[in-house]
Amino acid sequence: MSLIISGQLSMFPQPRKCWINGEEYASVLDCLRIYGKSKHPDRDWKRIKDKLERQGHTVSDLVLYQFRGSDGKLKQATPVVNKGQIARIAQVTDYPEWEPIRQHMAELFVEAQ
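What you see is a predicted model, and the numbers here were worked out from it, not measured in a lab. (Residues numbered from 1 in each chain as written. Predicted model: local features only at pLDDT ≥ 70, side-chain atom pairs only at ≥ 80, totals over all residues. Heavy atoms only, no water.)

**Looking at the overall build of the protein**
How we decide: Numbering of helices and strands runs from the N terminus; a helix is a DSSP stretch of H or I covering at least four residues, while a strand is a stretch of E covering at least two. Summary of the burial criterion: residues with accessible area below 20% of their type's maximum are buried, those above 50% are exposed, and those between are partly exposed, where the area comes from a 1.4 Å probe applied to protein chains only. Here a residue-residue contact requires only that any non-hydrogen atoms of the pair lie within 4.5 Å.
Counting secondary structure elements, the protein contains 5 helices and 4 strands. For the protein, the succession of helices and strands along the chain, N to C, is α-β-β-α-α-β-β-α-α. Burial status across the protein gives 37% buried among its 113 residues. Within the protein, counting contacts between residues at least 6 apart in sequence, those at least 24 apart form 46% of the total.

Structural data, given as structure tokens:
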């Protein structure tokens, strides 16, 4: 999971990132597109958001952030997530590429018990 937001793989596409109150956030749509290989991240995000809400998680408090485009203009606000939020999202996605994240989270849970 640390590779998702940390940007350690600089030769590969990275999600847009920002810092809010000293904490790193990444565009959830970029994470879905890049790491989940989603062809329709907007549609997938709506499905994931609905699933999280059905499970009782509040997604309405996610931060929206306006990134600047290559032309320097502010683009449409996109939801951004921190590491904890992306871990929660990973739990409800069906992306096979995110199975190592889910497995790691399960191992941490077992260790904590």
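**As for the pattern of salt bridges**
What counts here: Definition used for salt bridges: Asp or Glu carboxyl oxygen within 4 Å of a side-chain nitrogen of Lys or Arg.
Enumeration according to the criterion identifies 7 salt bridges in this entry. Put simply, Arg-47 and Asp-44 hold a salt bridge, and the shortest N to O gap is 3.4 Å. Of this pair, Arg-47 and Asp-44 both sit in helix 3 (residues 41-54), 3 residues apart, roughly one helical turn. Given a relative accessible area of 15%, Asp-44 falls into the buried group.

**Some details on unusual backbone geometry**
If you check the backbone angles, Asn-21 has positive phi at about 50 degrees while not being a glycine. Position of Asn-21 relative to the elements: it lies in the loop between strand 1 (17-20) and strand 2 (23-27). When its relative accessible area of 80% is taken as the criterion, Asn-21 is described as exposed.

**Considering the packing of aromatic side chains**
Note the cut-off: Between rings of Phe, Tyr and Trp, where Trp is taken as its six-membered ring, a pair exists when centres lie within 6.5 Å; planes separated by under 30 degrees are stacked, by over 60 edge-to-face, and by other angles tilted.
Under the defined criterion, the tally for this structure stands at 2 aromatic pairs. Here Tyr-65 and Phe-67 contribute two aromatic rings whose centre-to-centre distance is 4.8 Å and whose plane-to-plane angle is 65 degrees, an arrangement assigned as edge-to-face. Given a relative accessible area of 6%, Phe-67 falls into the buried group. Taking the centre distance of 5.4 Å and the plane angle of 70 degrees together, the rings of Tyr-95 and Trp-98 count as edge-to-face. The class for Trp-98 is buried, based on a relative accessible area of 1%.

**A few points about the side chain of Thr-93**
Heads up, the condition is: Two N or O atoms form a polar contact when they lie within 3.5 Å of each other; inside protein one atom must be a possible hydrogen donor and the other a possible acceptor, and for residues adjacent in sequence the pair counts only when both atoms belong to side chains.
Looking at the secondary structure, you find Thr-93 in the loop between helix 4 (83-92) and helix 5 (99-112). A distance of 3.0 Å separates a polar atom in the side chain of Thr-93 from a polar atom in the side chain of Arg-102. For Thr-93, the residues in contact, after removing those within four places along its chain, are Ile-48, Trp-98 and Arg-102.

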